[in-house]
Structure formats: C-alpha cells, structure tokens
Amino acid sequence: MADISLSGAPHHVDGIQASYMAQVQRRRLYGGLTLLIFVVLMVSGFNVADDRNAGGFWDGLHQIGDYPADVLSEAWEKRADLPALIVKYFPALVETINIAAVSTLIGAIGGLFLSLLGTRGLAKWPRMIPLFRRISDIMRAVPEIVIALVLIFVLGGGPVPAMIAIAIHTAGALAKMFSEVSENTDLKAVEGLASTGATWSQRMLLGVLPQVAPNYVSYTLLRFEINIRASAILGFVGAGGLGYELRNSMAWGPGRFDEAAAIFILLFGTIVFFDQVSSRYRNRLTEGQGQ
Amino acid sequence: MTTIDLDATKFEAEKLFQRKRLIGFGIPSVIAVYFVYIFFAFDLPGLAGRANMENAVTLASDSWSHKVHVTRDNRSGEITYAVEGERKGRYPDGQRPDWVTGDDAIIIDLGREHIVRYLPDNRTEIEIPGFQLIEAQAEGRTVTTNLPDDLPDWISASDRRVGITTPEGRITLTGARTEVFNYFPGWELFWFTLDSPYYGQSLAKVLFGDQIDPARGNISGAVSDWWNNAMWRHKDVAWAIGETILMAFLGTMGAAIIALPLGFLAAKRFSPFMLVRAATRRLFDFVRGVDALIWTVVLARAFGPGPLTGALAILITDTGTFGKIFSEALENVDQKQIEGVASTGAKPLQRYRFGVIPQIVPVLLAQILYFLESNTRSATIIGAITGGGIGLMLTQAIQTQKDWEEVAYYIVLIIAMVMFMDWFSGWLRGKLIGRKD
C-alpha cells in the first residue's frame, strides 16, 4: 500500500486502470460464461423436447397454419350458422365465467384469512404464523388439474370440481400476494383500535382492510382474469363449461369445425373483454391509492 | 351563515354515511345472492346424488395401501399371487406370501381368524368369526353357496357372482375364478419388484453386506433395479418431471427472448411510429387472448403430442404477457441515464445497452423468474392436454381408476416439483437482483 502511494501519481492511475480493466474482463468472462450456459441449456433443451415430441419442430412448422386454416375456411363457409352456434354455446360460456367468479370469490375470502393469520403483527395467533404460511404455500403449489381430476372421479364431471380446484389454488396464490401488501400496513390504526378494546376481527375490519382494500381488489381482479383461463382449460379435462364443449366439438373433427370456431371466438372475446375491463379498474384502483 | 354551513356539512356527512352503509351491506348481500344463484346453477343439491362415495373410499384407502391378489383360475386350477393383481407384480414361480400355506388345500390367512381355503375341485371355504362357515362351489359359469337368503350388507350374492367384503380383505367368487384381496398399508414394491434379487433385503445388507447378485455389484445393481422398477416406473416419472420443467423453461425463456425486442417496438418512448406500436400491442393482446388452451390445441395438430408442443404453447402465450409487461417497464425508464450515456457520444444501440437495459433488467428478471415457477404449474396442465410430462402420467393413472397409490405418488411429486421451482426461482432472484426489500 505504502509503496504504491510513494511511487508517484502516474503509476497510481495505471494501477487503478489495470485493476479496473481486470475487473471488467472478469465481469465479461462471467457474463459470457452465464450466457454460454444459458445458450447451451436452451439449445440442448430444445433438442431434447424435439426428440421426445411425436412430430418434429421443422416438419411441423409449416403445418401450423393448416388447422386454423381448416377451421376458419369451414367456419367461413358456414358463417350463416355462426350466430346461432354462438347463442348455443353461450350457456357454456356463462358456466366458465361462473366457475372463475365463484372460485375467485371463495379464494379471495380464504386468501384474506390466510394472509391476515400469516402476517407478522396482524396474526391472531402469532405462534401459528408458520403453519398458515405453509398451508398457503401448499395450496399455491397444487396445480388446479390435480385436484380437479381427483374430484371429477369422486363427484362426477361438472363445474363443482373445477370450482373447488381453482378456489384452493386461488386462496394460496392470493394469500401470498395479500400478505405482501399487509406486511406494509401501518400498524398505528390497529394499535389505536386495540387500545379501545376492539376484538381481532374488528381490528382487521376497521384498521387493516381500509388500508389494503385497493390492492386486494386489484390482485383479486388480476386473479379473476387468470381464473377464466384456468376454468376454460379445466373444462377441457372434463370439468364442464366452454372447454368441455371445445373438446367435444374437436373430437367430432372436420364437418363440425364451425362449432369449434364459435367456441374459439367466444373464448377469445371473453378473455380479451375481461382483460380490458379488469386492467382498467386495476389501473384506477392503484392510481387512486397514490393520491 | 355558520348554521347553514354546519347543516350542509352534516347533510353531506350523513349522505356519505348512508352511502357507506349501503356499500357495507350491499356488497356482501350481492355476493350472497350470487352464491345462492351459483348454488342452484351448479346444481349443488343434486351433487350428493351424483357423488360416488364408493369412489372416494377406494381413493382414500388405495392411495396409502396396496392389496395382494390370490387368484385361482377355476378352469385350470392354477393359482397366482400378484401385488395389485398386475403381471408386473406377480410372485415368481415357487414363491408366495407367507400368509398362504398348504399344498393341496391352499389356506389363506387374512388375519383375525378370517381364513379362506381353496380346496380341490374348485371348492372354497371361508371362515369369518361370528358368521357361519361359507362353502362355495364354482361350476362352469355359476357359483353355488350355502349362504342363507337374508344376507348381511357386507355380502352380495347371486348365482353368478359372490362378493364378500370384510375389514381384513375382500373375496370375490365367480364361475371362472376365485379371488382374495388382502390389504396392507404402504406402497408395495416401491423400491424393487419381486423378480429383483434385492427385494426384501435390508438397506444395510445392500450397502455393506455380501454381494447378492453375482453378476452385479450391490449398489449399482440395486440402483438399476430401482430405476427400472416396472411397477412404479421411476425412470419414466423422472423423465416426465424433466419434460414438464423443460416445457416451462423453454417456454418462459423463449418468450422472454422474443418479447424483449417486441417490447421496444410497443413502447412509446422507443417506437416513434404509432402504427408499429399499435400493431405490436394488438399482437400481444391477440396471442394473450387466444390463451394457452387454444394454442395447445392448434399446435398439437401441427407438432403432435409431446413436450415441444407444450413449450411452444407457453412460449406464444407468454410472449404476449411479457411483451405487455416489458413495454410498460420500458415506458417507465428514467430518461436521465439515457441522456448521460448519450452525452458520452454513445450510438443508439449503445444507449440501449448501457442506458436502458440496466434499468429494466431487475423488473425483467423478477417477472421471468416468477413466470418460470407459474409456468411449471401450467406445463403440468398443458401436458395433460397435449400429452407430455407428469401431467399426462397423472391423467393416465387417474383414468385407469385403480392405481391410486401411483396417483398419490405423482401428486406428491408434482407438489414437490412446484415448490422446488418456487424456491429455486426465489433463490435465483435473490442471487441475481438482490432481495426485494
């Protein structure tokens, strides 16, 4: 150290420069290595996936358009029937939306309790916080399809298995997002209420909820968007709604493509519609909070 | 003046309170009415009738236990012993469970003095404490028994088929065959099938004991027999989980790579042409709106079932989602840093590289890693539709409606896989961009 400072200014700068360049080089090396590993993973992963797929990527690439083209051309030929088909499948659409709405509501209520019980400072039983956190972790980790398939076996097909399955996952997912919000709540209101002798539920209802409600509603709306997609997908494995009708109409194959097209249109329209509506309300909710 | 002011304020306040009260009661009641509507729309009252409680019981008991079948083929008189009645779980010739004894008359001890005897000439005797000795004779396609007319509800009998269910096991008799199912807790043959020399050996003996199989070393032989276990298919399961994670990885990363340049095109600050911007945004909305379900269906037609199809479906859907998120992040970048880089004489590409990218990388990485975890779950579902990964194995196991212990095994693995990916993405996020707070 002393040697360097004695040997004069120019050498000093050189030393700094050299060590800086060495650092930059090392950074570049690490960055390059990370990139290399990533590229290798992507390429080899792609090759493995390509190998294990029934049809190859390059063979299938030019066929991508075939099925949509078949569906669209047939739907276009029978375009006169399309409005009638859309009306026919409208009840299935309502069922899909209902599954999503109910499971979002139930999930939000469940997530609310799980998050309040699992947040430090708010929990009713502070010792049980890890327990409630693990419960919500597990509920979040279970893919909807697992519960749906098991419940379909017990309860038979229909909307109820999908509803329960999505609600369980939603409760876990929302509990995590909710508790991220409620960790940042101002505890003064809660303390103030506690000093008046308010019970736990009163403290939560009057002290915490008004603070977190905009964020909670915003997350719930986001979840509703996701759940519409999920309920359509679960329908495809037998849980009723639009997905179920889609599978049936696809099983018919050519000749019934107009039905598939009608369902595609309904599903696409619904998803886009609810995405737009919910993103507008979410923007308004989070903007209102800033003021 | 002041009184009027006060009155007006009071009036205002009361109106506000009234509105609050209306909301306070209104929203819960709307939700309650909606639940009532759903109660009938989903036909919950009829659900009890449709629900199959027998299935639930089978599911609950089979998921943690296994049964050993002792089957007598009444035509050939041959007796087989098999775990779960599967060919793969059959006891090799000359071996049988130790609760079966006797040579001419096979005596099956189900425990607690429940005894079944397979006698010559297709006769069967069943001893159940507290009930008469049941004698049955199979002939051609019929079964004749000495059962009385009024039967307890754990016996069902006709001249074609007799079924007896006891807490110790189940017995079915038909003309063609006589079967006894003996239930045991646990997942049988999870480590080794019966034809493996390592079956029934203790762990210590495999690790430190004498060589069991002369042809192979103990550890390598045991590992290979476990890996190739025909009942539990550990190798296939591992591959399936790998496929599912691969789908999520390829889909998420591919989507991020494609969405980044498109995000620039959709961001107001970097894309001066309104038309390009609007077109890119509509493209994002379109691929997001079509949804993974429809993409899966469409892509499965072109590429056939498999992990690649699932990966591409995730890739296309998430390109839309990432594009939207990235372009929003790009809109919010700080201009100062870009100006600073520009003031050093940086060219546009360098301005992006050093002025923009460092600002958005944390947001990007956080989103990508979050989606990697969430897509692991999606990949399970997509796999069930398009036919790849652990999702397919799960649906197949559920559809056969008998291998519930395998279903339970897959469910445990899926949950473990998702939790691992959750932990892993959180860990990676911590390493790459530091903790969130």
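Residues numbered from 1 in each chain as written. Chains lettered and ligands numbered in written order. Predicted model: local features only at pLDDT ≥ 70, side-chain atom pairs only at ≥ 80, totals over all residues. Heavy atoms only, no water.

From N to C terminus, chain B includes 12 helices and 12 strands. Taken against the 2.2 N^0.38 rule, which gives 22 Å for 437 residues, the C-alpha radius of gyration of chain B at 33 Å runs more than 25% over that of a compact globule. Judged by the C-alpha coordinates and their principal axes, chain B covers about 100 × 75 × 45 Å. The buried share among the 437 residues of chain B stands at 45%. For chain B, contacts bridging at least 24 residues in sequence account for 55% of all contacts bridging at least 6. Within the structure as shown, chain B displays about 23100 Å² of accessible surface, and the carbon and sulfur contribution to it stands at 60%. For chain B, the distance from the average site of its 43 positive side-chain charges to the average site of its 48 negative ones is 14 Å. (Helix = DSSP H or I, 4+ residues; strand = E, 2+ residues; numbered from the N terminus. Rg over C-alpha atoms; globule rule 2.2 N^0.38 Å. Buried < 20%, exposed > 50% of the residue type's maximum accessible area, 1.4 Å probe, protein only. Contact = heavy atoms within 4.5 Å. Areas by Shrake-Rupley, 256 points an atom, 1.4 Å probe, with all protein chains shown as cover. Lys, Arg positive; Asp, Glu negative; His and termini not counted. Charge placed at Lys NZ, Arg CZ, Asp CG, Glu CD.)

Splitting chain A by domain gives domain 1 (2-60) and domain 2 (81-290). Computed from C-alpha coordinates alone, the two centres of domain 1 of chain A and domain 2 of chain A are separated by 42 Å. (Domains from an automatic or database assignment.)

Taken as a whole and judged by the stated rule, the model has 22 aromatic pairs over all chains. Pairing Phe46(A) with Phe57(A) gives two aromatic rings, centres 5.2 Å apart and planes at 85°, and the pair type is edge-to-face. Placement of Phe46(A) in helix H2 (residues 9-52) and of Phe57(A) in helix H3 (residues 57-61) is noted, with a sequence separation of 11 residues between them. Overall, the relative accessible area of 22% leaves Phe46(A) in the partly exposed class. Pairing Phe420(B) with Phe424(B) gives two aromatic rings, centres 5.9 Å apart and planes at 15°, and the pair type is stacked. Remark: Phe424(B) and Phe420(B) occur in helix H12 (residues 404-433); sequence separation between them is four residues, near one turn of the helix. Judged by relative accessible area, which is 25%, Phe424(B) ranks as partly exposed. The ring of Phe354(B) is capped by Arg353(B), whose NZ or CZ atom sits 4.6 Å from the centre of that ring. (Phe/Tyr/Trp six-rings, centres within 6.5 Å; stacked < 30°, edge-to-face > 60°. Lys NZ or Arg CZ within 6 Å of the ring centre and 35° of its normal.)

With that settled, consider the side chain of Ser182(A). Residues and elements named next belong to chain A. Relative to the assigned elements, Ser182 resides in helix H8 (residues 159-182). With relative accessibility at 1%, the residue Ser182 sits in the buried group. Setting aside chain neighbours within four positions, we find Ser182 in contact with Thr119, Leu122, Val212 and Tyr216.

All names here are of chain B. Contact geometry of helix H6 (residues 234-266) with helix H10 (residues 348-386) gives a least axis separation of 8 Å together with a crossing angle of 145°. You can see that H6 and H10 cross each other, and the crossing is right-handed. In the contact of H6 with H10, the residues fall into 17 nonpolar, six polar and no charged. (Axes fitted to C-alpha atoms, helices over the stretch in contact; angles between N-to-C directions. Left-handed = near helix turned anticlockwise from the far one by under 90°. Nonpolar A, V, L, I, M, F, W, Y, C, P; charged D, E, K, R; others polar.)

Once that is clear, we can look at the packing of helix H9 (residues 187-195) of chain A against helix H10 (residues 200-239) of chain A. Any two packed helices are characterised by the angle at which their axes cross and by the distance between the axes. Residue and element names in this part refer to chain A. Direction vectors running N to C along H9 and H10 enclose 160°, while the axes themselves pass 9 Å from each other. Considering the angle they form, H9 stands roughly antiparallel to H10. Read as a crossing pair, H9 and H10 show a hand that is right-handed. For the pair formed by H9 and H10, the contact residues are Ala189, Val190, Leu193 and Ala194 on the first element and Gln202, Arg203, Leu206, Gly207, Val208 and Gln211 on the second. Residues that form the contact of H9 with H10 fall into these classes: six nonpolar, three polar and one charged. (Parallel < 35°, antiparallel > 145°, perpendicular 65-115°, else oblique.)

Now for the pattern of salt bridges. Residue and element names in this part refer to chain A. Enumeration over the complete set of coordinates arrives at 16 salt bridges over all chains. For Glu74, the salt bridge is made with Lys78, and the minimal N-O distance between the two is 3.4 Å. Residue Lys78 is classed as partly exposed on the basis of its relative accessible area, which comes to 27%. Arg134 is paired through a salt bridge with Asp137; the nearest N and O atoms lie 3.2 Å apart. Remark: Asp137 and Arg134 occur in helix H6 (residues 129-141); sequence separation between them is three residues, near one turn of the helix. (Salt bridge = Lys/Arg side-chain N within 4 Å of Asp/Glu carboxyl O.)

What follows deals with the sheet that holds strand S11 (residues 169-174) of chain B. Residues and elements named next belong to chain B. Reading across from one edge, S2-S1-S12-S11-S10-S9 is the order of the six strands in this open sheet, with antiparallel pairing throughout. Here the strands that pair on one side only, and so sit at the sheet edges, are strand S2 (79-83) and strand S9 (155-157). Geometrically, the sheet is characterised by an average inter-axis angle of 10° between neighbouring strands, direction not taken into account. Alignment of strand S1 (residues 65-73) against S2, held across five bridges, turns out to be antiparallel. When the bridges of S2 are listed, Val68 appears paired with Val83. (Pairing = 2+ DSSP bridges.)

With that settled, consider the interface of chain B and chain A. By a frequent convention, interface size equals the accessible area lost on bringing the separate parts together. Contacts between the two partners involve 63 residues from chain B, matched on the other side by 62 residues from chain A. Buried area between chain B and chain A, summed over both chains or domains, comes out near 5700 Å², and the portion from carbon and sulfur atoms is 75%. Summed over the three residues of chain B that lose the most area to chain A, namely Phe42(B), Phe303(B) and Leu308(B), the buried surface amounts to 12% of that side. At the boundary of chain B with chain A, the tally comes to four salt bridges. (Buried area = accessible area lost by both parts, 1.4 Å probe.)

This paragraph deals with the domain arrangement of chain B. By domain assignment, chain B separates into domain 1 (67-185) and domain 2 (234-433). Computed over C-alpha atoms, the centres of domain 1 of chain B and domain 2 of chain B are 55 Å apart.

The next subject is helix H8 (residues 307-331) of chain B. Residues and elements named next belong to chain B. In this model H8 runs 35 Å from its N-terminal to its C-terminal C-alpha over 25 residues, within 8% of the 36 Å that 1.5 Å per residue would give. Maximal helix bending in H8 amounts to about 30°, located at Asp318. Counting buried residues along H8, 21 of its 25 residues qualify, which places the element largely inside the surrounding structure. (Expected span 1.5 Å × (residues − 1). Bend = angle between axes of the 7 residues up to and from the residue.)

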